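# Structure at a glance
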Amino acid sequence: MEQKQADQLIMMNSSKLAPEYVETIRERLLDLDYTQGSMLFSDLKDPTLAIILSIIVGELGVDRFYIGDIGMGVGKLLVCIIVGTISCGTLFWVWWLVDIFLIQGATRKKNAEKILQQLSMASY
């Protein structure tokens, strides 16, 4: 893939990627053809949808399930079930509130890690 094509793919998907991974992804994209590279970005999770899910149903862990963080999703769901569905307790609400601020970054990081994993498999 040419540098210009790699830059275009990165630019179109930069809002879905953690900034600290962008340069590594760009460098590895150069080893692929354009079709392979563009397919890597086809099923990235949207950070905006993740925060909406976090606000609406984040207390049930749906936001974490959406981004593929199954362990955290199960943890949030179990805490909500154990503590009670109507009144989940102060610690739980703090966890939910903090996660609203963290979910977009977590989504971008998961997306970048997924692409890097696929790039490492594509290079073999």
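Here, every reference points to the structure presented above.
An account of the accompanying structure is given in this report. Quick caveat: nothing in here was measured; it's all calculated off a predicted structure.

### A short note on the overall build of the protein
- Along the protein, the regular secondary structure elements total seven helices and zero strands.
- Along the protein, helices and strands appear, N-terminal first, in the series α-α-α-α-α-α-α.
- For 124 residues, the compact-globule estimate of 2.2 N^0.38 gives 14 Å, and the C-alpha radius of gyration of the protein, at 17 Å, exceeds that figure by more than 25%.
- Viewed in the frame of its principal axes, the protein has a C-alpha envelope of about 55 × 25 × 20 Å.
- Considering the protein as a whole, with its 124 residues, one finds that 36% of them fall into the buried category.
- In the protein, of all internal contacts separated by at least 6 residues, the share reaching a separation of at least 24 is 63%.
- For the protein, the exposed area adds up to about 7,200 Å²; of that, 64% sits on carbon and sulfur atoms.
- Both charge centroids of the protein, one from 11 positive and one from 14 negative side chains, sit 3 Å from each other.

### Some points on the nonpolar core
- Within the largest apolar cluster, 18 residues are counted, with the highest numbers of intra-cluster contacts made by L17, I25, L29, F41, I115 and L119.
- Those elements that place two or more of their residues in this core are α1 (3–13), α2 (19–29) and α7 (90–122).
- Setting aside residues up to four positions removed in sequence, I25 forms contacts with I10, L17, F41, A112, I115, L116 and L119.

### Let's talk about the side chain of R64
- Structurally, R64 can be placed in helix α5 (residues 62–67).
- Since its relative accessible area comes to 6%, R64 is described here as buried.
- Once residues lying within four places of it in the same chain are set aside, the contact partners of R64 are D69, I70, M72, G73, K76, D99, L102, I103 and A106.

### What about a nonpolar patch on the surface?
- A cluster of nonpolar side chains, F65, I70, V74, L78, I81, I82 and V83, forms an exposed patch at the surface whose accessible area comes to about 630 Å².
- When residues in the nonpolar patch are grouped by element, the largest group, six residues, is from helix α6 (residues 70–83).

Definitions and limits used
- Residues numbered from 1 in each chain as written.
- Predicted model: local features only at pLDDT ≥ 70, side-chain atom pairs only at ≥ 80, totals over all residues.
- Heavy atoms only, no water.
- Helix = DSSP H or I, 4+ residues; strand = E, 2+ residues; numbered from the N terminus.
- Rg over C-alpha atoms; globule rule 2.2 N^0.38 Å.
- Buried < 20%, exposed > 50% of the residue type's maximum accessible area, 1.4 Å probe, protein only.
- Contact = heavy atoms within 4.5 Å.
- Areas by Shrake-Rupley, 256 points an atom, 1.4 Å probe, with all protein chains shown as cover.
- Lys, Arg positive; Asp, Glu negative; His and termini not counted.
- Charge placed at Lys NZ, Arg CZ, Asp CG, Glu CD.
- Core = buried A, V, L, I, M, F, W, Y, C linked by side-chain atoms within 4.5 Å.
- Patch = residues over 30% accessible without salt bridge, like charges linked within 9 Å, V, L, I, M, F, W, Y side chains within 5 Å.
- Salt bridge = Lys/Arg side-chain N within 4 Å of Asp/Glu carboxyl O.

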